[in-house]
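# Structure assessment
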Number of protein chains: 2
Amino acid sequence: MAISNIRYGEGVTKEIGMDLQNLGARRVCLMTDKNLSKLPPVNAVLNSLAKYGINFQIYDNVRVEPTDQSFLDAIQFAKKGEFDAYVAVGGGSVIDTCKAANLYAASPSAEFLDYVNAPIGKGKPVTVPLKPLIAVPTTSGTGSETTGVAIFDFKELKVKTGIASRAIKPTLGIIDPLHTLSMPERIVANSGFDVLCHALESYTALPYHQRRPCPSNPIERPAYQGSNPISDVWALHALRIVAKYLKRAIRNPEDREARANMHLASAFAGIGFGNAGVHLCHGMSYPISGLVKTYKPKDYNVDHSLVPHGLSVVLTSPAVFAFTAQMHPERHLEAAEILGADIRTARIKDAGLILADTLRKFLFDLNVDDGLAAIGYSKADIPALVKGTLPQ
Amino acid sequence: MAISNIRYGEGVTKEIGMDLQNLGARRVCLMTDKNLSKLPPVNAVLNSLAKYGINFQIYDNVRVEPTDQSFLDAIQFAKKGEFDAYVAVGGGSVIDTCKAANLYAASPSAEFLDYVNAPIGKGKPVTVPLKPLIAVPTTSGTGSETTGVAIFDFKELKVKTGIASRAIKPTLGIIDPLHTLSMPERIVANSGFDVLCHALESYTALPYHQRRPCPSNPIERPAYQGSNPISDVWALHALRIVAKYLKRAIRNPEDREARANMHLASAFAGIGFGNAGVHLCHGMSYPISGLVKTYKPKDYNVDHSLVPHGLSVVLTSPAVFAFTAQMHPERHLEAAEILGADIRTARIKDAGLILADTLRKFLFDLNVDDGLAAIGYSKADIPALVKGTLPQ
């Protein structure tokens, strides 16, 4: 398995100008979104670029929960700019958009669907060399700074899908906990739920040696290869941090220890699921966010309806793990214990129910919307949600 | 921090021919030692090279516990061969020798001391591009497949020293537990002690944010950067595996689960210390092995006196951690607990003694030679041992 390089520490963002100098970058593309473009994380990057005399252009038109259209807009910007390095400052939406821009600018003759995951796209392997991309996450959820995945809403089909290739993984992730101090409460919560599900799903994913088919040539094996002894280390470690710190990080923006630990947990869980993969919570989340009607979440300053990714993932998690426990009941019990359940007298056959109950309690304490109804879905939507889940 | 790519699984060595094809390799240097050249791990590699039509030359003259002379011999072979890829099949001695050969063949005008660590060498940064190196470890100790370090005996000064640069880190480590099944008992034990000390030393190393000086440019920061939240994960995980499996792996060569886990632990601890660094056990081990007189260990088929690296490291460990506990007593207690101590009523000020006692018991159970006297040293050797330790 392959693991990204990361640098961690309060204030390490100020070194980014030196990193770009060391890379010999002469024309840098700085990607972010409209909200962030006026906030401290982008300022920290701009100051460092100025200090080290780095020539750059800003693209701040990234859409939160990007679409094929918003990807294409960023790609066009990247193609025109002929950049030799990229910097993405933001959450998963920004980092994923920047990965796509880097990829398609490096393969000018590729059609958009060429690299999109099959069956929606053609899932072609990436064989062109990409430019260096430095990712500076400002949320603590996606782990996108450590993965080779870029997710977007495919508007025509009303589904989320993505591009997955080791080639688009950032060259360096800068994990600077200072950027988490300005995150509003619900963004901390929803991005933390994403970390929770990355950890739980990658730990309970089909083990790598049970996946079929296994391509005989290592170069053809997917980035998502099933749970394995290394992704397990990251998943469990991230889950322990979530259990210990998520509540504190949500409730108190001044709790630097909690927010710093969640920022690391996001990267750790990213390394885990970036190699193992995720399963049902994420699979079902894509139609849940793709089919959104009028829901507008608190703390998100956007002009369109939106189910935040972490929320769309976590809503189904109690039901998902009640169901998946039959495959690996020991791992489900172990996860429940980490999240606070007393399993001393638990029966292995109850593992799924125990983890589901533990999750419900954990989420209830964190004021999660109460199920799909709370975000605007009714029974009549079930067929469409199922239809949207099946391609995943 | 930077982490190597590794592939894990029984039999994955047979894919190495494909990896070399994928790399476009046309002239491969296969390095190993005389013993291994007739054993199953090398055979598995040779079969794969033949199957995929890979053109190669063998160098099987690696010295166990290499010296500057043995490095130079391998370097000369590499320079002549004009190879475009390297494969190292063996323990740390083979992998380290191969790293040095790759480095100096890529910098033909460099003097040997240019890249050797200061103060013995000049410690110059590596700026030339190296060829891909695939490492196939056959012992479970060094973790060399995941690190940017190559260690050797500098004969003239009778000390061990090395070369440390991210640039010499292998491109891929192939962690194939099949290769551990033929390891004799004492090799399992001594290499396991190396894992134990890598984990303990990197977990108790000076924290990265307390190290001085901190070079302002990230490119000048050393590979060994002090303990940090990521190396901690690897160190603790490796320590738990050692506590659970080392005894079983030593005693029963048929215990595949134990030997496979120790093979992974070696890589995990390597990722930990390869980023955090090691301290006194390793620092003191270099004169202990460098000044060896007549000691010839059981199970090592060599024609020269030798203190196996893992043994030279572990002999001082109880004394070392009794001493270092004052810096981080909590971490020392935590390590003692993982190794089996009951710390419920322990006082924090006794952390060093508790870890030392726990280690003595752990090592006694594994039939470790009883101190420096058992490997041929007397009181009269102390000044020379101290002198050899100080440059470290």
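Nothing here was measured: the structure is a model prediction, and the numbers come from that model.

### Re the overall build of chain A
When helices and strands are counted, chain A shows 13 helices and eight strands. Against the globule reference of 21 Å for 392 residues, chain A gives a C-alpha radius of gyration of 20 Å, in line with a compact fold. Considering only C-alpha atoms, chain A reaches an extent of 65 × 45 × 40 Å along its principal axes. Contacts in chain A between residues at least 24 apart in sequence constitute 76% of all its contacts with a sequence separation of at least 6. Surface accessibility of chain A: about 15,900 Å² in total, with carbon and sulfur atoms responsible for 54%. Placing the 41 positive and 37 negative side-chain charges of chain A at their respective mean positions leaves the two points 2 Å apart.

### What to know about the UniProt feature "domain: Fe-containing alcohol dehydrogenase-like C-terminal" (unreviewed entry) in chain A
In the UniProt entry, the feature "domain: Fe-containing alcohol dehydrogenase-like C-terminal" (unreviewed entry) is given for residues 226-387 of chain A. As a span, residues 226-387 of chain A carries 62% helix and 0% strand, and end to end its C-alpha atoms are 25 Å apart.

### Examining the sheet that holds strand S2 (residues 28-31) of chain B
Residue and element names in this part refer to chain B. Read across the open sheet, the six strands follow the order S1-S8-S5-S4-S2-S3; overall the sheet is parallel. Across the chains shown, the open sheet's two edge strands, defined by having one partner strand only, are strand S1 (5-8) and strand S3 (56-59). Between one strand and the next, the sheet's axes are offset by a mean angle of 20°, whatever the strand orientation. Pairing of S2 with S3, which is carried by four bridges, proceeds in the parallel orientation. When the sheet's bridge partners are listed, Leu 30 is paired in S3 with Ile 58.

### Topic: the domain arrangement of chain A
All names here are of chain A. Structurally, chain A comprises domain 1 (6-179) and domain 2 (185-377). One C-alpha centre belongs to domain 1, the other to domain 2, and the line joining them spans 24 Å. With 27 residues of domain 1 at the interface, the matching set in domain 2 holds 34 residues. The junction of domain 1 with domain 2 conceals about 2,400 Å² of combined surface from both sides, 59% of it contributed by carbon and sulfur atoms. Counting the surface domain 1 buries against domain 2, the share from its top three residues, Ser 140, Lys 160 and Arg 166, is 22%.

### Re the sheet that holds strand S3 (residues 56-59) of chain A
Residues and elements named next belong to chain A. Spatially, the six strands line up as an open sheet ordered S1-S8-S5-S4-S2-S3, and their pairing is parallel. The sheet is open, and its two edges are formed by strand S1 (6-8) and S3, each paired on a single side. The sheet shows a mean angle of 15° between the axes of neighbouring strands, direction not considered. Across the sheet, helix H3 (residues 68-81) lies against strand S2 (28-31), S3 and strand S4 (85-90), angled at about 165° from S3, the strand it touches most. The strands that helix H4 (residues 92-106) touches are S2, S4 and strand S5 (133-137); relative to S4, the one it contacts most, it runs at about 160°.

### Here's the deal with the interface of chain A and chain B
Each side of the interface is counted separately: chain A has 25 residues, and chain B has 26 residues. Around 2,200 Å² of area is buried between chain A and chain B when both sides are counted, 62% of it from carbon and sulfur atoms. The interface formed by chain A and chain B contains zero salt bridges. Where chain A touches chain B, the interface holds zero residue pairs in polar contact (both at pLDDT 80 or more). Among the elements that take part in the side of chain A that touches chain B, helix H6 (residues 229-251) of chain A stands out by supplying five residues, more than any other.

### Digging into the relation of the copies chain A and chain B
Both copies of the chain are placed relative to one another by a rotation about an axis and a shift along it. Least-squares fitting of chain A to chain B yields an RMSD of 0.0 Å, with the superposition described by an axial translation of 0.0 Å and a rotation of 180°. This pairing of chains is accounted for by a two-fold axis. Both copies present the same face, since 100% of the interface residues in chain A are matched by interface residues at the equivalent positions in chain B.

### Here we look at the packing of helix H8 (residues 280-290) of chain A against helix H10 (residues 317-324) of chain A
Residues and elements named next belong to chain A. Two numbers describe how H8 lies on H10: the axes approach to 9 Å, and their chain directions differ by 140°. Classified by the interaxial angle, the pair formed by H8 and H10 is oblique. Between H8 and H10 the crossing geometry is right-handed. Here H8 contributes Leu 280, Cys 281 and Met 284 to the contact with H10, which in turn contributes Ser 317, Val 320, Phe 321, Phe 323 and Thr 324. In terms of residue class, the contact of H8 with H10 is made up of six nonpolar, two polar and no charged.

### Observations regarding helix H13 (residues 382-389) of chain B
All names here are of chain B. Those residues of H13 lying buried are Leu 385, Gly 388 and Thr 389. Seen end-on, H13 carries its buried residues on one side only, within an arc spanning 100°. Among the exposed residues of H13, those pointing more than 90 degrees away from its buried face are Pro 383 and Lys 387.

### Notes on the pattern of salt bridges
Residues and elements named next belong to chain A. Tallying each qualifying case throughout the model produces 42 salt bridges over all chains. The partner of Arg 186 in a salt bridge is Glu 185, and the shortest N-O contact between them spans 3.4 Å. What makes Arg 186 buried here is its relative accessible area of 12%. Of the residues examined, Glu 185 reaches a relative accessible area of 28% and is grouped as partly exposed. Here Asp 299 and Lys 298 are joined by a salt bridge, their closest N and O atoms 3.7 Å apart. The structure contains a network of salt bridges with shared partners spanning Glu 185, Arg 186, Lys 298 and Asp 299.

What counts, and at which threshold
Residues numbered from 1 in each chain as written. Chains lettered and ligands numbered in written order. Predicted model: local features only at pLDDT ≥ 70, side-chain atom pairs only at ≥ 80, totals over all residues. Heavy atoms only, no water. Helix = DSSP H or I, 4+ residues; strand = E, 2+ residues; numbered from the N terminus. Rg over C-alpha atoms; globule rule 2.2 N^0.38 Å. Contact = heavy atoms within 4.5 Å. Areas by Shrake-Rupley, 256 points an atom, 1.4 Å probe, with all protein chains shown as cover. Lys, Arg positive; Asp, Glu negative; His and termini not counted. Charge placed at Lys NZ, Arg CZ, Asp CG, Glu CD. UniProt positions renumbered as here; feature names shortened; annotations may be inferred. Pairing = 2+ DSSP bridges. Axes fitted to C-alpha atoms, helices over the stretch in contact; angles between N-to-C directions. Domains from an automatic or database assignment. Buried area = accessible area lost by both parts, 1.4 Å probe. Salt bridge = Lys/Arg side-chain N within 4 Å of Asp/Glu carboxyl O. Polar contact = N/O pair within 3.5 Å; in protein donor to acceptor, adjacent residues only side chain to side chain. Least-squares fit on C-alpha atoms with pLDDT ≥ 70 in both. Parallel < 35°, antiparallel > 145°, perpendicular 65-115°, else oblique. Left-handed = near helix turned anticlockwise from the far one by under 90°. Nonpolar A, V, L, I, M, F, W, Y, C, P; charged D, E, K, R; others polar. Buried < 20%, exposed > 50% of the residue type's maximum accessible area, 1.4 Å probe, protein only. Arc of directions from axis to C-beta.

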